Amino acid sequence: MWEVLQSATDVRSRVTEWMGKRFLAHLSKTGFDLESSWFVPSRVLAPLRRNGLDPVPELARMQAHGPVTRLPLPVTVWLVTGYEASKQVLVDSEAFSNDFGHLRELGLFSDEAPGGLGFSDPPEHTRLRKVLTPEFTMRRLSRLVPRIEAIVADQLDLMSMKDGPVDLVEHFAMTVPALTICELLGVPASQREEFQRRSVSRFDLGGAATTSLSAVSESIVYFRELVRAQRLDPTDGLLGELVRKHGDELDDDELAGLADGLLTGGFETTASMISLGTLALLRDPALREQALGDEKAVNGLVDELLRHLSVVSVAFLRIARHDIEVAGTKIKAGDIVACSLSQANRDPSAYPSPDVIVPERAAGQHLAFGYGAHRCIGAELAKMELRIAYPALVKRFPEMRLAVAPGDLSFRKLSIVYGLHSMPMHLGAQPSPIQQVL
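Residues numbered from 1 in each chain as written. Predicted model: local features only at pLDDT ≥ 70, side-chain atom pairs only at ≥ 80, totals over all residues. Heavy atoms only, no water.

Draft legend 1. Fine view of the overall build of the chain. A tally of regular secondary structure across the chain gives 19 helices and 14 strands. When each of the 438 residues of the chain is scored for burial, the buried share is 54%. Once local pairs closer than 6 in sequence are excluded, the contacts in the chain between residues at least 24 apart make up 72%. (Helix = DSSP H or I, 4+ residues; strand = E, 2+ residues; numbered from the N terminus. Buried < 20%, exposed > 50% of the residue type's maximum accessible area, 1.4 Å probe, protein only. Contact = heavy atoms within 4.5 Å.)

Draft legend 2. Structural context of the pattern of salt bridges. In the structure shown here, the tally under the stated rule is 20 salt bridges. Between Glu183 and Arg147 there is a salt bridge, and its shortest N-O distance comes to 2.9 Å. With Glu183 in helix H10 (residues 175–185) and Arg147 in helix H8 (residues 145–160), this residue pair connects regions lying 36 residues apart in the sequence. Salt bridges here are not isolated pairs; linked through shared partners, they connect Glu135, Arg140, Glu241, Arg244 and Lys245. (Salt bridge = Lys/Arg side-chain N within 4 Å of Asp/Glu carboxyl O.)

Draft legend 3. Examining the environment of Gly266 more closely. Tracing the chain through its elements places Gly266 in helix H14 (residues 252–283). For the pair Gly266 and Leu381, spaced 115 residues apart in the sequence, the C-alpha separation amounts to 8.0 Å. Every residue in contact with Gly266, bar those within four places of it in the chain, is listed here: Pro177, Ile181 and Glu385.

Draft legend 4. Structural detail: the side chain of Ser93. Assignment of secondary structure puts Ser93 in the loop between helix H4 (83–91) and strand S5 (96–97). Contacts of Ser93, omitting those with residues within four sequence positions, involve Pro122, Arg321, Ala373 and His374.

Draft legend 5. Local environment of the nonpolar core. Residues Leu132, Met159, Phe172, Leu185 and Met423 are the most contacted members of the largest nonpolar core, which totals 104 residues. Per-element tally for this core: the top contributor is H14, with 15 residues. Core analysis: the next-biggest nonpolar cluster, separate from the first, contains 17 residues, Val44, Leu48, Ile336 and Ala338 among them. (Core = buried A, V, L, I, M, F, W, Y, C linked by side-chain atoms within 4.5 Å.)

Draft legend 6. Molecular detail of the pairing of strand S4 (residues 77–80). Where burial is concerned, the two faces of S4 agree: the one with Val77 and Leu79 and the one with Trp78 and Val80 are both buried. Pairing analysis gives three bridges linking strand S3 (residues 68–70) to S4, with the strands arranged antiparallel. In the sheet register, Arg70 faces S4, and the bridge partner there is Trp78. Taken together, the four bridges between S4 and strand S10 (residues 336–339) define a ladder with parallel strand orientation. In the strand pairing of S10, Val77 is matched with Ile336. (Pairing = 2+ DSSP bridges.)

Okay, here's the thing in structure tokens:
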């Protein structure tokens, strides 16, 4: 009798899983608005939502009940919110796969694989990362410092010449990393406006859920064309360097995937950090003073803001290769695992008073850039940009302030990479009451 019941349970489980995969496959093709979809439980969307600069309280409640939670979905998806549990998943490439092909096999996506480091496993990941690593050493990146300083200074100059409120997102936060990535890759000046346009909406899931995937496909096509041009006439940028050194061993798709991966990790994330970090500085005069301090003070501030804000809400999905236990929870082969980086970086067992920004704390082991072999290869470049941008902005506009009420700021409501749609700012001193009347 037990065997009959067990068999029926197994069949029901397989049918439910099959129906779930078909349902998600249909959605991935037709698109849907996650934000207004009544049939998506709030617990599922919680990792993609924020409460201002903080994770939504529902994530903390989940974390309080345990570091691993099963989400109410037709397929088995585990959300990891604990710091140590997240490190275990992120570091273990043998137990957890990043290969985009597995997500396609599960019926979650039908679009073209984005390529790059984030969606590959060893030994492919190891081979590709080995090609890029020499280009991202501090010694190699230091050549970009004068150019980043010039980009920041130019944007501050342009902002100072505008009348009325200035949108910090549009005129500073987006532009600085976009131009930096263009410098790094060797994107021709004539294509930089188009480059930035293609980069803006790829992580925002507030509208049709397939929009960002379409943006990825368009980006891959763009980078293929850029790679072909670099093969004919290599420039001094990273793509030209890769073509010269590794052009025979890497095909166009691999080079385009690497370039797109660098865009993914280096543009939208840094843009969000600049704007959200500035908002944090506006809220706390002590933090603004820290931004004007010595190198050690600025480094501590940047690392703590990275931990506190964790603009990448969720790490790339992993697929369990075999049965494994994470923080006392049994995860089976084929299960999907998502790590909430924003909540893991607020884990009180790892960070006392995790909701408070404490620049003096040793925050270097935060998970804002991921962890293990898949830790963002451009992490040092991003920190370099932030170390230059924050002090320059505060020094140039010491009396800057929001031009709208804090409650009127337009945040992304549902996004893998959290950020602001816009951030209107007054850059000068606030007029006196007499000046306001006049």
